[in-house]
Amino acid sequence: MDINILTDDNVELRATLYKANNPKAVVLINPGTATKTSYYLPFAKYLREHGFHVILWNYRGFCDSKVSHLKDCHYQYSDIGRYDIPAVIDTAKRLFNDLPLYCVGHSAGGQQVGLAHNADQLDALIAVAVSAGYFSYMPLRYRLKANFFFRFLAPLSNKVFNYVPAKSFKLMEDLPAGFTEEWGAWCREKELFFSDKFYGKTIPLGTYKNFNVPTFVFTADDDEICTERNLHNFWKNVTSDRPITFKRYSIGRGSDQSVGHFGYFRSKNTHIWQDILETINKVHHDKPLQTL
């Protein structure tokens with residue numbers, strides 16, 4: 001079932017609802033930046049098979065939500081949390097007000113939940129690969145790639161095309177100019193948008209303070225972005241009356257169970273899907289939660 005969602009700043013988003021038989025709750029899947037919506041489809045179907053309605057969607061300017069040429073867009077990266085995520089939460093609550101609402105947020109899809117004014121409507125956040133993205137805390141090879149993209153390719157593309165044709169370079173989906181400018185600025189700071197350059201300025205003061213949504217963070221030690229220092233530098237800025245629980249997967253060198261930043265939702269890593277499902281079920285049944 002296709003859903004059209006209108007944000008408070010009049011941008012139309014498009015989502016797909018996968019309905020379960022006898023649903024016990026609703027799960028939003030918030031994608032990573034410039035990641036194809038279809039990448040999450042097997043995971044969405046997995047959740048549906050286990051009794052959850054699933055809303056799979058993407059941000060303004062991406063995939064099914066790309067309604068105009070990106071050179072005409074004036075979107076900012078923080079619009080994801082300021083407008084897009086709140087609109088999807090409101091839509092889910094309007095459609096299924098009698099069901100609990102959970103969110104699985106991958107990378108920016110979990111990172112920016114705290115910017116949403118209505119995040120307290122969530123019954124739990126499963127934050128997958130959510131951390132700061134400081135370039136210097138990434139492995140050397142990935143750091144060089146990230147710096148090339150944000151310091152050379154993106155600025156040059158913005159000047160020439162007024163957007164970043166990243167898909168042509170087989171990097172990711174194409175990006176609006178404002179996205180890459182703000183995204184790159186955040187990643188130059190050790191604490192992302194909690195840096196004094198942004199916090200209390202472009203990011204509202206109090207963001208992620210008293211964030212009392214039950215939160216469960218899943219990461220892997222071969223994740224090129226969500227390194228231990230980036231992980232620490234994000235979550236140390238989040239305060240909550242509820243425990244924030246962490247599970248970090250140890251990946252042996254050369255292991256065929258590699259995860260990286262984008263492997264959490266690949267079918268070869270269904271053990272992660274099972275852990276996420278178990279966590280949601282524990283919250284849903286209101287059982288005492290143990291450290292993962």
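Residues numbered from 1 in each chain as written. Predicted model: local features only at pLDDT ≥ 70, side-chain atom pairs only at ≥ 80, totals over all residues. Heavy atoms only, no water.

Trainee: In this structure, what is going on with the overall build of the protein? I would like to understand it.
Mentor: Counting its regular elements, the protein contains seven helices and 10 strands. On C-alpha atoms alone, the protein measures out to a radius of gyration of 18 Å, which is about the 19 Å that the 2.2 N^0.38 rule sets for 292 residues. Taking the principal axes of its C-alpha atoms as reference, the protein extends roughly 50 × 45 × 40 Å. Relative to its 292 residues, the protein shows a buried fraction of 57%. At a minimum sequence separation of 6, the contacts of the protein that also span at least 24 residues come to 70%. Side chains of the protein give 34 positive and 30 negative charges; the mean places of these two sets differ by 5 Å. (Helix = DSSP H or I, 4+ residues; strand = E, 2+ residues; numbered from the N terminus. Rg over C-alpha atoms; globule rule 2.2 N^0.38 Å. Buried < 20%, exposed > 50% of the residue type's maximum accessible area, 1.4 Å probe, protein only. Contact = heavy atoms within 4.5 Å. Lys, Arg positive; Asp, Glu negative; His and termini not counted. Charge placed at Lys NZ, Arg CZ, Asp CG, Glu CD.)

Trainee: Is there a simple way to explain the nonpolar core in this structure?
Mentor: Proteins that are soluble and globular tend to have nonpolar side chains buried together. Within the largest apolar cluster, 68 residues are counted, with the highest numbers of intra-cluster contacts made by Leu28, Val113, Leu175, Phe193 and Phe234. It is helix 2 (residues 79–95) that contributes the most residues to this core, six residues altogether. Residues in contact with Phe193, not counting those within four places in the same chain, are Gln111, Leu115, Trp186, Phe198, Tyr199, Ile203, Tyr208 and Phe234. The next biggest cluster of nonpolar side chains, apart from the first, holds 33 residues, and it includes Ile29, Tyr46, Tyr264 and Leu277. (Core = buried A, V, L, I, M, F, W, Y, C linked by side-chain atoms within 4.5 Å.)

Trainee: How should I be thinking about the packing of helix 4 (residues 140–161) against helix 5 (residues 177–187) in this particular structure?
Mentor: Angle between the axes and distance between the axes are the two parameters that describe a pair of packed helices. With their axes 10 Å apart at the nearest point, helix 4 and helix 5 run at an angle of 155° to one another. Considered as vectors, helix 4 and helix 5 are oriented roughly antiparallel to each other. Like other packed secondary-structure pairs, helix 4 and helix 5 cross with a definite hand, here left-handed. Judged by residue contacts, Phe149, Phe150, Ala154 and Asn158 of helix 4 engage Ala177, Thr180, Glu181, Trp183 and Gly184 from helix 5. (Axes fitted to C-alpha atoms, helices over the stretch in contact; angles between N-to-C directions. Parallel < 35°, antiparallel > 145°, perpendicular 65-115°, else oblique. Left-handed = near helix turned anticlockwise from the far one by under 90°.)

Trainee: What is the right way to read the sheet that holds strand 10 (residues 244–249) from this model?
Mentor: The pairing of strands in a sheet comes from backbone hydrogen bonds and takes either a parallel or an antiparallel form. Read across the open sheet, the eight strands follow the order 1-2-4-3-5-6-9-10; overall the sheet is mixed. The open sheet has two edge strands with one neighbour each: strand 1 (2–6) and strand 10. The mean inter-strand angle of the sheet, taken between neighbouring strand axes irrespective of direction, is 20°. As judged from the five bridges shared by strand 3 (residues 25–30) and strand 4 (residues 52–57), these two strands associate in the parallel manner. Within the sheet, the bridge partner assigned to Val26 lies in strand 4 and is His53. The strands touched by helix 2 within the sheet are strand 1, strand 2 (12–18), strand 3, strand 4 and strand 5 (101–106), with strand 1 carrying the most contacts at an inclination of about 125°. Along the sheet, helix 6 (residues 228–235) contacts strand 6 (124–128), strand 9 (215–220) and strand 10; its crossing angle with strand 10, the most-contacted strand, is approximately 170°. (Pairing = 2+ DSSP bridges.)

Trainee: Can you walk me through the packing of helix 1 (residues 41–49) against helix 7 (residues 270–284) in this structure?
Mentor: Put simply, helix 1 and helix 7 touch, their axes get as near as 11 Å, and they point 45° apart. Judged by the angle between their axes, helix 1 and helix 7 are oblique. Of the two elements, helix 1 crosses helix 7, and the hand of that crossing is right-handed. Taking contact as the criterion, the partners of Pro42, Phe43, Tyr46 and Leu47 in helix 1 are, on helix 7, Trp273, Gln274, Ile276 and Leu277. Its residues placed into classes, the contact of helix 1 with helix 7 shows seven nonpolar, one polar and no charged. (Nonpolar A, V, L, I, M, F, W, Y, C, P; charged D, E, K, R; others polar.)

Trainee: When you look at helix 6 in this model, what are you seeing that I'm missing?
Mentor: In an α-helix there are 3.6 residues to a turn, and that puts residues three or four apart on one side. For helix 6, every residue scored as buried is listed here: Asn230, Leu231, Asn233, Phe234 and Trp235. Buried-residue contacts for helix 6 involve helix 3 (108–111), strand 6, strand 9 and strand 10.

Trainee: Sorry if this is basic, but what is going on with unusual backbone geometry here?
Mentor: Trans is the prevailing form of peptide bonds, just as negative phi is the prevailing case for residues other than glycine. In this model, Ser107 sits at a positive phi of 55°, which is unusual for a non-glycine residue. Residue placement: Ser107 occurs in the loop between strand 5 and helix 3. Not every positive phi belongs to a glycine, and Asn210 is a case in point at roughly 55°. Within the element layout of this structure, Asn210 appears in the loop between helix 5 and strand 9.

Trainee: Is there a simple way to explain the layout of surface pockets in this structure?
Mentor: Take a probe with the size of a water molecule and roll it over the atoms, and the empty space left behind shows itself. In this structure, the largest pocket spans a volume of roughly 800 Å³. Taken together, 38 residues form the lining of the largest pocket, with Tyr142, Leu171, Met172, Ile225 and Phe262 sitting closest to its centre. For the lining of the largest pocket, the secondary structure elements donating two or more residues are helix 3, helix 4 and helix 5. No other element matches the six residues that helix 4 contributes to the lining of the largest pocket. Partitioning the lining of the largest pocket into residue classes produces 21 nonpolar, 11 polar and six charged. (1 Å grid on protein atoms, 1.4 Å probe; cavity = no way out; pocket = protein on both sides within 12 Å on 5 of 7 lines; lining within 4 Å. Points joined across faces, edges and corners; volume = space filled by probe spheres on them.)

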